[in-house]
Amino acid sequence: FLSLLRSEYLWIKTYPLETAMKLFRSRGRVYLPTSADPELGDWSRPADTVKRRRLFMKRMEAMGVREEAQQFAGGVVFDNFLVKYPEVNRLHKRMLRASRRVDQLRTVLRSRQESGRAGPGDAKARAVLQKACSALWRSQNHSAYWHGGDHNEGIYNPIIRQRACRELLQAEAAIDKILTDRKGDTWQAIRADFDADGDEDVQVITPQFAAIVNPSGGGGLLELDLREHSLPLLCSFSPVEEPYHEGLAGNEVMLVDDEADALPSIPRESPEVSPSLQRLVLDSCPRGFFQDHFLAPETTLDAFSRRQFRELGDFAAGPFEVVKVEKPEAPGLAGNVVVGRSGLVRDLGETYMLRIEKGYRFDVRRPRLELKHTVKNRSRDSASLWHGIEWTFGVPSAQPKKVRVRAVGPDGERVARLGDAPIDLGEATWLEWADEAAGLAVVIELDQPRNFWWTPVRTVHRKRGGWREVIQGSTLLAHGRMEIWGEEEQVVGLRMDFLPL
């Protein structure tokens, strides 16, 4: 359309909207309905409501009134994709934050120009603004914010998500250099509702990290970015039930291996394998970063990888509270954010009253994150528990074949690739997760031995030409037995270093 306007400029005259509003009088008031295809509603609604809607429309079709009923069946609200896919919501809110930063710089430059205070540095700032705008607009590609339908993989494509996140990080980093006068060891904490769920979060910004502690979602991290490399780490995508999954479980379907070879391009492989949709796993328990699990005795690696295990506690997704936010005591030291929750762990008549507190220390001068994890037994009786801490990473390079782990424990060293998962890595106090294509290694050190399970995060979705199975990320679980006497506590300390390969 824009190309057509440009080519016919000799007889078509265009106006910016602001100019048109000055030249032409209003002809009245009108509120435009959504222009989305009504069928888009099936993609934006939860799968169970889609089933009921389709049954209703079939009944209307049998009665010969489908066309008339369609207008009363409810319009399409595109924002429902932000409800259906939490990862889309996080990306959308990240985009809005970057957009506000772009507007802030634009306002500052306009104000300086109008007041006559523009200086030599403003030309450089305008160049930065132009690049930031371009990055912001690229991140607003609609494909990253919805399912994509039959013709586009949309949010299911890790390359699209990764690309959008990195564009936003680069835009914010460029603007921060202009607007923020910070020393190299600055530590900043901002308390706000960053995911628009009605609860306050804590964003920590250092020269190394940009992280969001999410108390309402199990007290874990909502975002974790390496600022120097514009690299988002929590970019996985949890599978959800789609309308087309109905009736397919157990059938043999054609799948496409979607392990990209390079970030800049989107692969178009031909079908290679035909596994059963039994590999489709729907997350009954949300995944997180520094998420607590209290596992039932019968839990196995396979059950955990399929998210079909009994959660005995209410800590995995329950709301925590912000206990304190401590700025560094001196320049160059780490700041601290502590969240806590009191809750219950129940199984077979046994009930334990527990208190969990998680203290996050974000280093300033190096990319190091430390966790002090405290479990307090508030009961008088001793508590015997099977506890695990979960981390779900994305695939920063969007190349699952390049992701590996290396665990070192009493029985020696063990190395595994993401394609080998789910896998029991055994007992270890030192583990390295690495994305070789992204040039990143995360070294995890614990102050006491723990057993490690490693499982992939897979999705199965339909696209034009067949079905596609995608490895969206991986989940590490450090787990072990806890024996805590009444009124006592047990502390687990760990450290994460983010290192270049």
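Our subject is the structure listed above.
Residues numbered from 1 in each chain as written. Predicted model: local features only at pLDDT ≥ 70, side-chain atom pairs only at ≥ 80, totals over all residues. Heavy atoms only, no water.

**Some thoughts on the overall build of the chain**
- Assigned secondary structure in the chain consists of 10 helices and 18 strands.
- The proportion of buried residues among the 501 residues of the chain is 51%.
- Here the chain displays about 25,300 Å² of accessible surface, and carbon together with sulfur accounts for 51% of that area. (Helix = DSSP H or I, 4+ residues; strand = E, 2+ residues; numbered from the N terminus. Buried < 20%, exposed > 50% of the residue type's maximum accessible area, 1.4 Å probe, protein only. Areas by Shrake-Rupley, 256 points an atom, 1.4 Å probe, with all protein chains shown as cover.)

**Concerning the sheet that holds strand 4 (residues 220-226)**
- One open sheet accounts for 5 strands, arranged 1-2-3-4-5; its pairing is antiparallel. Where the open sheet ends on each side, the last strands, each with one partner, are strand 1 (188-192) and strand 5 (231-232).
- Across 4 bridges, the pairing between strand 2 (residues 201-205) and strand 3 (residues 209-214) is antiparallel. Bridge pairing links V204 to A211 in strand 3. (Pairing = 2+ DSSP bridges.)

**Looking at helix 8 (residues 121-139)**
- The terminal C-alpha atoms of helix 8, which comprises 19 residues, lie 27 Å apart, in line with the 27 Å expected from a rise of 1.5 Å per residue.
- Looking only at helix 8, the buried set comprises D122, A125, V128, L129, A132, C133, A135, L136 and S139. Summarising the axial view, the buried residues of helix 8 lie within an arc of 165°, below the 170-degree limit, and thus occupy one face. Facing away from the buried surface of helix 8 by more than 90 degrees, the exposed residues are A123, K124, Q130, K131 and W137.
- In this fold, the buried residues of helix 8 make contact with helix 7 (86-114) and helix 9 (158-179). (Expected span 1.5 Å × (residues − 1). Arc of directions from axis to C-beta. Contact = heavy atoms within 4.5 Å.)

**Topic: the packing of aromatic side chains**
- Inspection of the entire model under this criterion finds 22 aromatic pairs.
- Ring centres of F289 and F393 lie 5.2 Å apart, and the angle between their planes is 90°; on these two criteria the pair is classed as edge-to-face. Taken together, the residues span a long stretch of sequence, with F289 in strand 7 (residues 289-294) and F393 in strand 12 (residues 383-394) at a distance of 104 residues. Exposure class is identical for F289 and F393. Each is buried.
- Residue class for F393 comes out buried when judged on its relative accessible area of 0%.
- Among the aromatic residues, those joined into a ring-pair cluster are F209, F289, F290, Y360, F362, W391, F393, W433, F452 and F498.
- The ring of F304 carries R307 above its face, with NZ or CZ at 5.2 Å from the centroid.
- The ring of F320 has K358 lying over it, and the distance from NZ or CZ to the ring centre is 4.6 Å. (Phe/Tyr/Trp six-rings, centres within 6.5 Å; stacked < 30°, edge-to-face > 60°. Lys NZ or Arg CZ within 6 Å of the ring centre and 35° of its normal.)

**Some thoughts on the pairing of strand 11 (residues 368-377)**
- With 7 of 10 residues buried, strand 11 is to be regarded as a mostly interior element.
- Strand direction decides the pairing type here: strand 10 (residues 350-362) and strand 11, joined by 9 bridges, are antiparallel. Residue pairing for strand 11: G359 is matched across the bridge by K372.
- Linkage of strand 10 to strand 11, two consecutive antiparallel strands, is achieved through a turn of 5 residues.
- Relative to strand 18 (residues 489-500), strand 11 is paired through 9 bridges, and the arrangement is antiparallel. Looking across to strand 18, one finds that H373 is bridged to V492.

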